[in-house]
Each structure stands twice: as C-alpha cells, then as structure tokens.
Protein chains: 2
Amino acid sequence: MKILILGGDGFCGWPASLHLSDIGHDVMIVDNLSRRRIDVELGVESLTPIATMEERLQAWSETGGRPIEFVNLDVAQDYDGLLELLQTQRPDAIVHFAEQRAAPYSMKSPRNKRYTVDNNTNATHNVLCALVDSGVDAHLVHLGTMGVYGYGTAGMKIPEGYLDVQVTTETGDQVDQKILYPTNPGSIYHMTKVLDQTLFAYYAKNDKLRITDLHQGIIWGTHTDQTLRDERLINRFDYDGDYGTVLNRFLMQAAVGYPMTVHGTGGQTRAFIHIRDMVRCIQIALENPPANGDKVKIFNQMTETHRVRDLAELIAKISDATVAYVPNPRQEAAENELHVTNDTFLDLGLNPTTLSEGLLIEVEDVARKYAERADLDKIPATSLWTAQQQPGVPEQLPVH
Amino acid sequence: MKILILGGDGFCGWPASLHLSDIGHDVMIVDNLSRRRIDVELGVESLTPIATMEERLQAWSETGGRPIEFVNLDVAQDYDGLLELLQTQRPDAIVHFAEQRAAPYSMKSPRNKRYTVDNNTNATHNVLCALVDSGVDAHLVHLGTMGVYGYGTAGMKIPEGYLDVQVTTETGDQVDQKILYPTNPGSIYHMTKVLDQTLFAYYAKNDKLRITDLHQGIIWGTHTDQTLRDERLINRFDYDGDYGTVLNRFLMQAAVGYPMTVHGTGGQTRAFIHIRDMVRCIQIALENPPANGDKVKIFNQMTETHRVRDLAELIAKISDATVAYVPNPRQEAAENELHVTNDTFLDLGLNPTTLSEGLLIEVEDVARKYAERADLDKIPATSLWTAQQQPGVPEQLPVH
C-alpha cells in the first residue's frame, strides 16, 4: 500500500519507514527535520553518526531498497501543504510520528512547554482535519505512549485502551459501561498524547475515521535489519539528558565509564520495547485496521516491564559500569507498580526481542563503538518538573 | 480582590465583569475583541446594539461603577504580553472566558475547526503556563460546558466532575477509584473543553495550581442588574445560526414571526441556566477556591433541563409563534435523557431564575424591542457536522 510516514526522519519514524518499504509498501516520508534542529538548539548530536535525509534515501536505493520519497513539510504549521499532499497522494495509510517526543524537553522551560502543546496538538488535529477535508479514507496509525496512564494503577492490569466499569443509575441499577481508560500523564509531553487521544475519539465518532493509537513503552536499541545494511542508514541514538531514554542512556554511560545515573530510588517501573519490535508492531497495526465507524483501536505496544534500578544492576553485571543514585528531576512517585496487557500484538504474531538477549549487543555494537562521539556534559538530566526538583547530576563526575 | 477577566467583552464575560465590579472587586478586562471580528466575518450583528468597549467602560464609570480597566491582548497568541500582565498585576483570581464558544462555528469549515482547536488550546495553556512562569498564585476559574459529556449518560445523574467506579485488580479484588467523568463531546468546540480539562488536571497535579472548572449549560437571557443601568451597558444577544443558542434563537424567532426551527425531532434534552445565575455562579466559584494541591474543582453550572421541542411549545404558548421541524445539521442522537447533579451551587446559595418566570420578559423586553435589527436570513443553522447532514432551514420562509 501507499503509506505516508509523518516524522519519518526521527528515531522511530526512520526505521519504521525502512521496514515498511522493505516489506513492499510505497513509502513517502514527510518531515520538517525538527528533531535535527533541536539537536542544534541543545548543542548535542546523535551518538551514532546519522546521514542527511538525502544521503539516507540514496543509500536505501543503492542497497536495493524501493525508492522512498521525501517531502519537507511542517504538519503542524502548513495545513494547506498537508491537504494538497493527501489530495495528490491519496495514501492508503498514514503513520503519525510527527510530534515532539521527549518528556524532559517538554518540561525544560515555558517556551518548551508551549511548543510541545502547540506543535503536537496542531500536528495531530491538522492530520485529522485534512483527512476529512480531502475525503481520503486512509487508516491513521499514531504513536502514543503508555505514559498517558501515569504509573499508579491501583494494582490493575492496564487494558488496551478501554475499561469496563459499573456505574449506578438514578434508579439504583448497576450498568456496565466501556470507557477510555482514565489518564494521569506525568509530563507536558505525555499530556499531549492524552489530548491526541481525545481528538482521535472525536474524529472516529463524528467522521468515522479509521484510527489506531499505539500506547508505546520506552524504546531501547538502535539497529533494525534495514538500518544495518549501510552505515549511511544508521538510526539515531540519543543519550543526552533530554532525549536519551533511560535504557539507552544507561548503555551509553556503561560504555564510556560514566556512572549510570538512577533518579531517586530507581523504584519507578517502566514498560519497554525493542526498536525491532516497534517496527513490527507498526506493520501489524497497519495490517489490522479498524472499520469505518469503529472506536479507535488502542494497543499497548510494549513487551516487558522493569524497575529502573533493576535495569541499572543488570547492565552493571554485563559491563563494568557503576551506579550513582542522583536526585530525581521529575515529580513522580518514588516507587510504582506497573501491570500491562499486551495480548493484541502477541496474538497477532509479535515475537519479542528480550532485554536479556539484546542488551550486551547494544553496549558493544553501538555505545562502545561510537563512545568517542559522546559529550559527557550532556548526559545528566537537568530539565526540572517544578522549581522544587533537583537536576540528576552525580556528585562525582568522571574526569574527561 | 483583583480579578482579571479573560474574554471580558463576550456574552458571558461582559455581564460577569460588571457583576464582579459591582460587588466590590477590582476588575481588569483582557480581550482581543475576537467576538466582534467574527460578527464582521459572518456578516451579522448582535440583536441588541452593543457599544464599543471604550463606551461600555465609560458608561460603567458614569453610572457609579468602580472603574474597570481594559487591555487588548490575544491570550492565545501573545504569551509574553500575558506573562507581563500577570507579573505586573498579580491578580488574586483569573476568570477565563477567552475561547471560541460556538459549536456550529467550530464545525463550519476546516479553517474554523483548526482555529477553534488552536485558539482554545493555546489560550488555556498559555494561562496555565504563565501562572507557573510568573509564580502568581491566582485562583483560575474557567467556563467549561456540560457538553464535554455528550448527551448519552446511560440513565446516570452526571456528577460534578468525578465518578466513583469499581475496577478489578489482577488478584481479583474490587477497588474503588475516583476518575474524571468520561467525556463524549459532540462538536469540535465541545471537544476543546475536554482538552482544557486535561490541561487543568495536569497543572493542578504538577504545579499545584488552584483551578475551578464550571461545566455550564446553555445560557439564556440577556440582561443582568448591571447591564440594565444604561443602554450603553447592554449585553450582546446572538440569534444567528452559528452563535445563537437554542433558547435565545427561539425567543427571537417568536418575536419576529419566524417559525421556531426545531432540529430533528427536538427530542434532545439540554441543560439551561439564566445569565443572571451565571454571574452569581462565577461569584460563588471565586469565593470558594480549592486549596493548592487539590484536584480541579468541577461544578455543574445549570439549573434546569428541558427537551428542545418542549421549549418550543412553551414559547408558542406565551407568544403567537409557530414551530417548524427542520433537518438537524448536527450529528447526534435524535432523543436523549439528561440528568445532572447541581448541588454545589444550590448549597452555596444560588437561587435560580426559572424559565417560567423569565421567558416572557425576554420575548418582550429584548427580542421584540430590537426585532427590527434582525437579519432573518442569518437565523437558520447551516454549519453541518458532516457532509451527510442538512441545514436547519424551514421549507417556508417568512416574507420580509
């Protein structure tokens, strides 16, 4: 099918684009390259040396891939351009990664909060509005986050989107209702994915759009089968305090001899998924669209849950890394349980890459290999959730 | 106390500003006059002849009112201006009416959908962000809508914001949880108030802002004690298909001999509140703020529920009006029940103005008095919820 990938230059969008191209789809990437501009703004670079979009696409063709087109367009700002693209391309599906995706970046300053809300809300709403406006009946697959739920679930296993509850009517009867699972986002970024969820529910109801929302855990890993084919195809790997996700940050810290900085007690339980599984999930979601008039399909896109301190200890075991307990720059519960249902993807054939098999490869093939590119000063998480929090900086920094 | 009224030039904002000034508060109106610009865009005018903001404020001072200041500022666009205003004024409270508030206008075109989402989300988020940024601990009172819930409530009485549900844990235990009452908005406009609710919940949790969200029914009536003091203080009265709310539209149709256009079967049940009660509710909400760290206080701000066709029949009885059943331009259930809890305001002393006592006054004192200003062509509701709906135009139009 013909698929537009919005945000196809990013950490998830790029490997997803290659994977979907590789299995025979006509892929067009739409991106405003904002993630690279934010690198410049923050004074950091991907640990891996990523090529320009032009080099990436040329390398993909040269290695035998189906040609991928690229359109430089800001989905949040250029509605007319987006509409014209839908009208001329008439895609069968759209995968929407085109949002600011880092919680710490979204909390960094009032400007960052406002950018994240404005950019993410308008990007998503423009896509929905343009689908109705153009009359294109494309299946929209959106990358959401498990973080819409927060991390306190009263011992419940988080269902896939909808929750059965009992309510009491005026006459005292108990009535069963199916509702969207209540949200409790932990950052401005996570909150924007709740806003998205509201937009999706409305457009699925009023305009019968076909929408799948993937509530994803924290991604780890870097390479997929496709990004390994040529170094110009390499995926980005973020290790800085704003964009580096916890597991990748630990891997890099382990590789460069920087203590693994655990925020607070490290008792936070998080959901994880390997990047190879993410691209497979996107494929599976595309192959299983809802019907027009259905509710939004919501899948939990994760394969394992772990406490942060357990991850640090696991990595310490397979490498020589040390652990530093540092202040938590986030406002969150020190310890939380997390139980998640992920039957849909497993039933549809996902065969997860587990941490136990993949971690060592990442340390050696990615983090150690590119370690000399790291700017260690950029590692600690310094974006604070409120003025009462402290940055996640270890007391003793390694000499470099 | 010192109170900023965002959107203080509008249908609710203006009488609320005068009422709060009249009971002794220092009121500053912040408005970008967007509602007047939309009049120009739609080619309509308020049925009542509203004065300019400068004339309004002069008349208020001349009739003995405490002087009210006015700042022309776009809350959604001019964050720096808003922040500076908070820093210099340091208000005790902010009442936030500064949103596009008509469901039909929000559905009129892709441009209108996008404007409503962009404007309302950024206005609300800018206010929240500026409160944190400035460190001003003002109580934020927001005008929301009963319409966040949609109109199908499975026989339940809609509680004031939060719903007690039972969920089943992994171990099979039943656990009680308090969640935000699930939403089901019926238009883009109503949906933006769900987005607002998500923003409020987040900022109350993360930043301990003190927020009250008023889920208001449909306003009817025009005058308050204060707006009656001088004709230059008169409030706006909208009768057009986009901004005219159902009851005021019926009153005007009755006054000018235009059949009262009932959409569909008229079986929709709606919640109503008189504009005099609205200003009292704002006062009561301001006098009863939540504490820092509390959840958002949510009140249902309505006093009566009625089926639309019953209202039309009621008005037909007290005037010579006829009823025309026309297609429903909205996508909604033909008939719905609506049961609402409104104990908070009643317990805090609200003494409602009932339809039975107020309707005839409105027909005579407002609708008939200004009938010659009406443009009958602008009455029918023509903004369609989807391309499948039909405009609410009667088959036989009155000759004029």
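Rules behind the numbers
- Residues numbered from 1 in each chain as written.
- Chains lettered and ligands numbered in written order.
- Predicted model: local features only at pLDDT ≥ 70, side-chain atom pairs only at ≥ 80, totals over all residues.
- Heavy atoms only, no water.
- Helix = DSSP H or I, 4+ residues; strand = E, 2+ residues; numbered from the N terminus.
- Contact = heavy atoms within 4.5 Å.
- Areas by Shrake-Rupley, 256 points an atom, 1.4 Å probe, with all protein chains shown as cover.
- Lys, Arg positive; Asp, Glu negative; His and termini not counted.
- Charge placed at Lys NZ, Arg CZ, Asp CG, Glu CD.
- Buried < 20%, exposed > 50% of the residue type's maximum accessible area, 1.4 Å probe, protein only.
- Least-squares fit on C-alpha atoms with pLDDT ≥ 70 in both.
- Pairing = 2+ DSSP bridges.
- Axes fitted to C-alpha atoms, helices over the stretch in contact; angles between N-to-C directions.

A. Representation of the overall build of chain A. Across its full length, chain A carries twelve helices and 16 strands. Looking at chain A alone, contacts between residues at least 24 apart form 82% of all its contacts between residues at least 6 apart. Only carbon and sulfur atoms are counted for the fraction: they give 47% of the accessible area of chain A, which is about 14,300 Å². Positive and negative side-chain charges in chain A, numbering 35 and 54 respectively, have mean positions lying 1 Å apart.

B. Structural detail: helix α2 (residues 34-42) of chain A. Residue and element names in this part refer to chain A. Every buried residue belonging to α2 is among Ser34, Arg35, Arg36, Ile38, Asp39 and Leu42, and all of these are buried. Elements that come into contact with the buried residues of α2 comprise β2 (26-31), α3 (53-62), α5 (103-107) and α6 (110-134). Once α2 finishes, Gly43 follows within two positions and takes phi at roughly 70°, a positive value.

C. Region of the structure containing the relation of the copies chain B and chain A. In the superposition of chain B on chain A (RMSD 0.0 Å, axial shift 0.0 Å), the rotation amounts to 180°. On this basis, the relationship between the two copies can be described by a two-fold rotation axis. Counting the interface residues of chain B, we find that 100% of their copies in chain A are interface residues as well, pointing to one common contact surface.

D. The arrangement of the sheet that holds strand β10 (residues 218-220) of chain A in detail. Residues and elements named next belong to chain A. The sheet built from three strands is open, its strands ordered β10-β12-β14 with mixed pairing. Two strands in the sheet have a free side with no partner beyond their single neighbour: β10 and β14 (304-307). The sheet shows a mean angle of 45° between the axes of neighbouring strands, direction not considered. Bridging between strand β12 (residues 269-274) and β14 involves four bridges; their strand directions are antiparallel. Bridge assignment links Phe272 to a residue of β14, and that residue is Glu304.

E. View of the sheet that holds strand β13 (residues 297-301) of chain B. All names here are of chain B. A sheet is described by the order of its strands in space; here seven strands give the open sequence β3-β2-β1-β4-β5-β9-β13, paired in parallel fashion. Sheet topology places β3 (69-72) and β13 at the edges, where each strand pairs with a single neighbour. Averaged over all neighbouring strand pairs, the angle between strand axes comes to 20°, with direction disregarded. Both strand β4 (residues 93-96) and strand β5 (residues 139-145) contribute to a ladder of four bridges, which runs parallel. Paired with His96 across the two strands is His142, which belongs to β5. In the packing of helix α1 (residues 13-22) onto the sheet, the strands contacted are β1 (2-6), β2 (26-31) and β4, and the crossing angle to β2 comes to about 165°. Across the sheet, helix α9 (residues 275-287) is in contact with β1, β4, β5, β9 (211-216) and β13; its angle to β5 comes to roughly 145°.

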